[in-house]
Amino acid sequence: MYTPILSVGITADRTTATVIDGTVYGGSEPARNLVLVFLTGDKRNADNTIASVLTLTPNDTDPTIVSSWSYDYTSTGDGWVNYFFVIISDIYDSGTTYDIYDAVYDSSTKLVYRSKIDANLGNVLSDTNSWELITDPSSLALNKDQPNESLNISSIVYQRVLTFNSQYGYGNFVSENASGCCGDCGDTEAVATYSLLSLLVNGAIQADYQTLLPQGQVIVERIAGILSTC
Amino acid sequence: MLEIIESSVVYQANTKLVELAYAVAQERNYKKPSVQVKVQEGFRIYKLLQALQYEAYLTLTQRQKIVYCLIDEAGINDFPVAPVLGSITPPTISVGIPGRPGIQGQRGEDGGATDFSLINSGTDSVVDSFPPTDALAARWDYVVYDGSGNQRAGSVIASWTSDGMSITSPAEYTTTDLGDTSPIQFTVDFFGGVIRLNAVITSGFWTVKGSRYFMPNNGSGTGTINTSLQDGYIFIGNASNIATAVLPSGDITVSNTGVFSIPAGTIVNADINASAGIIFSKMAVLTASKIAVTDGSGFITTSSAATLTELSYLSGVTSNIQTQLDSKVGSITGAISTVVSVDLTPSRVIVSNPSGKIAISGVTTTELSVLSGITSSTTELNYSTGVTASLNDSLISYTTSGVTYQNTAVAGANFGIKKTSRNTVKIAGILTLRASGGYSNLTTYTTLPVGYRPSYQIYKSVIITQVGGSAIRTAVVINTNGTIQFDGNADAQSGFVCSAHFDGLEFDL
């Protein structure tokens, strides 16, 4: 099994976010070109409803190649995002016995199937009594630690509170108000806003570290509101 | 008693920071005093947390003061403390202040290796030895050095038979020298019932240390490759040099019995080597001994237009045949030279001209066709010699005058007239007559054609014989109007056949 490792980066102009697969492949496990990797993602509201689905590129038809995905950050912005990441490493083998919920892929079609029964041996993938086609393999990540978890796959629901715009806005605010204010700033209004933003931005960053997602979402929404009026 | 742990305090202080930020974020008016209190509280907590990040410059006492302040500011003591349970799952974050690193353990035994050494030796020495039955090969990894900074490392590999009697020349791989280590070299030999690694020292004093690895080293291997393979798959090494089950694909197929085959329609022109040199006997057989040509689709087929024999006539041809034929026609000098490039007048009989060339005559094909079916002999045709008018005109025409004459006698060869070269008319032959009713006057019975009539009346003697009757000598009179009359005594009895003998009757015109 692999240990999925993801990270999120941002371009300098904060227009494009990139999700990078840092998982180590090979070694005792199959090499990268022998496994299928799937990633989807969505932006969440504070109440955990889906605000938008991320449009990731490349949406490659060959999941044995891609190792990073990008999406438009100007439309999604800061806040709570979920990335559903799945690695399918088992190529279907008619001589292998599969447990229920085990996921395999067809080496020729790159399609993913999940076993519907225990002791699944020698049943072809087209046997709908034994296998079900998984059209969105990344959705299998949602089953992690659930009774229907696919134990032969590696997956993660990578959850983040992204604060790229908040951090920039905070720094920019301080920079703007630092002009002409060298060592003895008497702008109490700006200092108060600075203190407020300091609390909110650092609170959002900590919410990201501690995966306090709803709180983080509320905080970044508030930061965006303050920055838009200051 | 809850043990105070810095990392735990930091984590909980950060959580407090999130709580404060969350509370403030939910407020719409951040100028409210209650909000300002939270902002200031969060600000202080953040600054304390920030100060702890300078741990490299802080003493333990200083850090403890900050931690206690954080506990106070963040209200960490207000947090409920979970009871200590023996079976509780350890938290994923570090707890407790790490202790000092433990004492480093002794070096573990090198896997499968036997150490050897030679200390400060200035003479040839046996460095390592063992019975040849211990292994069939060994590798000695070593380092040699003296006290003057000369040093190298290397490996010596050698193999031998189980009785040690045959031994390979050792292979040696070394680092480059630090200084000069050439005075010490290694050899491997079999002596005294043991395999020996010998250090041959030509100068200086050297120390050798190393480890010996047997080959084989009692390893049991990893067993055979897993023989389980999905139906129809083959094992093939992937880019990571790992045998991988793959379903064969591409131009050829292989069955699960190992039979490779090429499906119909797979091979295309590009698959054939340009130098394949495929012989024609591998092609489909066509009709034997025929000329190969291409059909309307461009495929090779046989031709029925010419035979191989006909084709062989082209053997020896060295230039354009048509040109040769044209040149032949232009050089013809024989009989057909007059018709090489011109047509003849239509429907004329071809003859040879005075030069022996083909020419047309004045006779038309219609006129020639008159000869069709002719059976007359030359003798018969010669009877017309001298005839200058219609043959019908030359025939004797009859007058009846009460007597019917047998006309066959007239058409026969027994009677005729002709002009002679002397410009006379000669009548010869026998004229057979038959009287038809009683005695009749045989006076005028024929008229000569124009041109055959005398210019004055002629009397000639003629004998008439009649069958069953007596011969009658009488005279014949040929008038200038061509009538031939007999004398008045030439009556013939009715029903009797009479023959008038004109023998050489000739008169001048």
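For every chain, the first residue of the written sequence is number 1, and numbering continues from 1 onward in sequence order. The naming scheme follows written order: chains are lettered A onward, ligands numbered 1 onward. Where local features are concerned, this predicted model is filtered to residues with pLDDT of at least 70; where side-chain atom pairs are given and counted, the filter is 80 or more; whole-chain, interface and lining totals use all residues.

## Some words on the overall build of chain A
To keep it simple, the criterion reads: Strands here are runs of E lasting at least two residues and helices are runs of H or I lasting at least four, both read from the DSSP assignment and numbered beginning at the N terminus. Counting other C-beta atoms within 10 Å of its own, a residue is labelled buried from 20 upward, exposed at 12 or fewer, and partly exposed in the gap between, with every C-beta atom placed from the backbone. By definition, residues are in contact whenever their C-beta atoms, placed on the basis of the backbone, come within 7 Å of each other.
Per the secondary structure count, chain A includes 4 helices and 12 strands. Counting across all 230 residues of chain A, residues that qualify as buried make up 34%. Sequence separation of at least 24 residues holds for 58% of the intrachain contacts in chain A that already meet a minimum separation of 6.

## Remarks on the overall build of chain B
In terms of regular secondary structure, chain B is built from 9 helices and 24 strands. Considering chain B as a whole, with its 509 residues, one finds that 16% of them fall into the buried category. Put simply, 56% of the contacts in chain B that link residues at least 6 apart link residues at least 24 apart.

## A look at the sheet that holds strand β2 (residues 125-130) of chain B
Residue and element names in this part refer to chain B. This is how it is decided: Any two strands with at least two DSSP-identified bridges between them are counted as paired. For helices, the fitted axis covers only the stretch in contact; all axes are lines through C-alpha atoms, and the angles between them, taken along N-to-C directions, range from 0 to 180 degrees.
A sheet is described by the order of its strands in space; here 3 strands give the open sequence β2-β7-β6, paired in antiparallel fashion. With one partner strand each, in any of the chains shown, β2 and β6 (184-191) form the two edges of the open sheet. Pairs of neighbouring strands in the sheet enclose a mean axial angle of 20°, with direction left out of account.

## Focus: the environment of N256(B)
Residues and elements named next belong to chain B. When you line up the elements, N256 lands in the loop between β11 (253-254) and β12 (260-261). Using a count of 11 C-beta atoms within 10 Å as the deciding quantity, one classes N256 as exposed. Measuring from C-alpha to C-alpha, the distance between N256 and G232 comes to 5.0 Å, with 24 residues separating the pair along the chain.

## Focus on the interface of chain A and chain B
Basically, it comes down to this: Only Asp, Glu, Lys and Arg are considered charged in this grouping, and only Ala, Val, Leu, Ile, Met, Phe, Trp, Tyr, Cys and Pro are considered nonpolar; every other residue, Gly among them, is considered polar.
Contacts between the two partners involve 26 residues from chain A and, on the opposite side, 26 residues from chain B. For the side of chain A that touches chain B, the elements supplying multiple residues, two or more each, are α3 (188-209) and α4 (213-229) of chain A. Ranked by the residues each element gives to the side of chain A that touches chain B, the list is headed by α3(A), at 10 residues. Taken together, the residues that form the side of chain A that touches chain B break down as 11 nonpolar, 13 polar and 2 charged.

## Looking at the confidence of the model for chain B
Residue and element names in this part refer to chain B. Note the following rule: Confidence of the prediction at every residue is given by pLDDT, a number between 0 and 100.
Mean pLDDT for chain B: 77, with 74% of residues reaching 70 or above. Low pLDDT (under 50) marks residues 218-224, which in the prediction has 0 contacts with non-local residues, meaning those over four places away or in another chain. Here residues 389-413 is a poorly scored stretch, pLDDT under 50, and it has 41 contacts once near neighbours within four places are set aside; other chains count. Across the assembled chains, the prediction reports ipTM 0.83 with pTM 0.44.

## Quick notes on the sheet that holds strand β5 (residues 68-72) of chain A
Residues and elements named next belong to chain A. The sheet built from 3 strands is open, its strands ordered β1-β2-β5 with antiparallel pairing. Two strands in the sheet have a free side with no partner beyond their single neighbour: β1 (6-10) and β5. Taking the axes of each pair of neighbouring strands and ignoring which way they run, one obtains an average angle of 20° across the sheet. Note: strand β2 (residues 16-21) against β5, 5 bridges, orientation antiparallel. Bridge pairing links A17 to Y71 in β5.

## Overview of the nonpolar core
Filter applied, for reference: To count as a nonpolar core, a set of buried Ala, Val, Leu, Ile, Met, Phe, Trp, Tyr and Cys residues must be joined through C-beta atoms within 7 Å.
Counting residues in each nonpolar core, the largest one holds 68 residues, and the members touching the most others are L200(A), A204(A), I219(A), A21(B) and V24(B). The element best represented in this core is helix α1 (residues 6-26) of chain B, accounting for 10 residues. Counting 17 residues, the second largest nonpolar core, distinct from the first, contains A138(B), Y142(B), V144(B) and V156(B).

## What to know about the packing of α1(B) against helix α2 (residues 33-52) of chain B
All names here are of chain B. The test is simple: Note on angle classes: values under 35 degrees are labelled roughly parallel, values over 145 roughly antiparallel, values of 65 to 115 roughly perpendicular, and the remainder oblique. Should the near helix be turned anticlockwise from the far one by less than a right angle, the crossing is left-handed, and should it be turned clockwise, the crossing is right-handed.
Running from N to C, α1 and α2 point in directions that differ by 155°, and their axes come no closer than 9 Å. If you check the angle between α1 and α2, you find them roughly antiparallel. Crossing hand, α1 versus α2: left-handed. Residue-level inspection shows V10, A13, N14, K16, L17, L20, A21, A23 and V24 of α1 in contact with α2, the latter providing V35, K38, V39, E41, G42, I45, Y46, L49 and L52. For the contact of α1 with α2, a count of residues per class yields 13 nonpolar, 2 polar and 3 charged.

## Focus: unusual backbone geometry
A cis amide bond links T57(A) to the next residue, P58(A), at an omega of 0°. Here P58(A) shows up in the loop between β4 (50-53) and β5. In this structure, K110(A) is a non-glycine residue whose phi angle is positive, near 65°. Residue placement: K110(A) occurs in the loop between β8 (103-105) and β9 (112-115). With a phi close to 55°, S289(B) is a non-glycine residue in the positive phi region. Relative to the helices and strands, S289(B) is located in the loop between β12 and β13 (290-294).

## Concerning the confidence of the model for chain A
Chain-level pLDDT for chain A is 89 on average; 93% of the residues reach the 70-or-more range. The least confident element of chain A, judged by mean pLDDT, is α3(A) at 85; the most confident is β9(A) at 96.

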